[in-house]
Amino acid sequence: PMSAITVTWVLHDGAQITAAVAPGTSMMQAAIAANVPRILGDCGGNLACATCHVQVAPEWASRTGPATDMEDPMLDMTEVERGPTSRLSCQIIADPALDGLILHVPA
Ligand code: FES
């Protein structure tokens, strides 16, 4: 089996939460498991709520890629206004290439 990757969420106040995340797990699921505040995942990862909004650290944005066509309109409905690297974290799935990923949680 592929080993877990390490993901760090940076909160608005600068606090960080780091967790081991199994490949195949969405970053929304992982955030909830790690008790990351403000990541709610109300719709269960179905692109219907925008409560899993994160801003990917700029140096990671090329590896996570841009929002998908289905995801992009939902990013206009986030509580905190979207930024250039905004994603819905239910659509970012852990894989080995994302080991070390850093996600910023909007205020
Ligand atoms: Fe609802 Fe991601 S959990 S859009």
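Just so it is clear, the structure is predicted and the values come from calculations on it, not from any experiment.

### Structural notes on the pairing of strand 1 (residues 5–10)
A regular strand places its side chains so that they alternate between the two faces of the sheet. Within strand 1, five of the six residues are buried, which leaves the element mostly enclosed by the surrounding structure. In the sheet, strand 1 pairs with strand 2 (residues 16–21) via six bridges, with the strands oriented antiparallel. Across the sheet, residue Val10 finds its bridge partner in strand 2, namely Gln16.

### Digging into the nonpolar core
Membership of the largest hydrophobic core comes to 31 residues, with the highest contact counts inside it found for Trp9, Leu101 and Leu103. Listed by contribution, the elements that provide at least two residues to this core are strand 1, strand 2, helix 1 (27–33) and strand 3 (53–56). The element best represented in this core is helix 1, accounting for four residues.

### Some thoughts on the environment of Ala19
Assignment of secondary structure puts Ala19 in strand 2. Through-space distance from the C-alpha of Ala19 to that of Val36 is 10.0 Å; in sequence the pair is 17 residues apart.

### Considering the sheet that holds strand 2
Strand order in the open sheet formed by five strands is 2-1-5-3-4, with mixed pairing between adjacent strands. Whereas interior strands pair on both sides, the edge strands pair on one side only; in this sheet they are strand 2 and strand 4 (86–88). Sheet twist, expressed as the average angle between the axes of neighbouring strands with direction ignored, equals 35°. Pairing of strand 3 with strand 5 (residues 102–104), which is carried by two bridges, proceeds in the antiparallel orientation. Bridge pairing links Val56 to Leu103 in strand 5.

### Some words on the pairing of strand 2
Residue alternation in strand 2 divides its side chains into a buried set, Ile17, Ala19 and Val21, and an unburied set, Gln16, Thr18 and Ala20. Adjacent in sequence and paired antiparallel, strand 1 and strand 2 are bridged by five residues, among which Gly14 carries a positive phi angle near 95°.

### Here's the deal with the packing of aromatic side chains
Within the structure shown, the criterion is met by zero aromatic pairs. Positioned over the ring face of Trp60 is Arg63, at 4.1 Å from the centre of the ring.

### Notes on the side chain of Thr51
One can find Thr51 in the loop between helix 1 and strand 3. A relative accessible area of 18% means that Thr51 is categorised as buried. Ignoring any residue separated from it by four or fewer positions in sequence, one finds Thr51 in contact with Arg38, Ile39, Leu40, Gly41 and Asp42.

### What to know about unusual backbone geometry
The backbone of Asn35 sits at a positive phi, close to 55°, despite the residue not being glycine. For Asn35, the position within the fold is in the loop between helix 1 and strand 3. Overall, Asn35 belongs to the exposed group, its relative accessible area being 64%. Positive phi outside glycine occurs at Leu47, with the angle close to 60°. By the element assignment, Leu47 lies in the loop between helix 1 and strand 3. According to the relative accessible area criterion, Leu47 is buried, its value standing at 15%.

Reading the values: the criteria
- Residues numbered from 1 in each chain as written.
- Predicted model: local features only at pLDDT ≥ 70, side-chain atom pairs only at ≥ 80, totals over all residues.
- Heavy atoms only, no water.
- Buried < 20%, exposed > 50% of the residue type's maximum accessible area, 1.4 Å probe, protein only.
- Helix = DSSP H or I, 4+ residues; strand = E, 2+ residues; numbered from the N terminus.
- Pairing = 2+ DSSP bridges.
- Core = buried A, V, L, I, M, F, W, Y, C linked by side-chain atoms within 4.5 Å.
- Axes fitted to C-alpha atoms, helices over the stretch in contact; angles between N-to-C directions.
- Phe/Tyr/Trp six-rings, centres within 6.5 Å; stacked < 30°, edge-to-face > 60°.
- Lys NZ or Arg CZ within 6 Å of the ring centre and 35° of its normal.
- Contact = heavy atoms within 4.5 Å.

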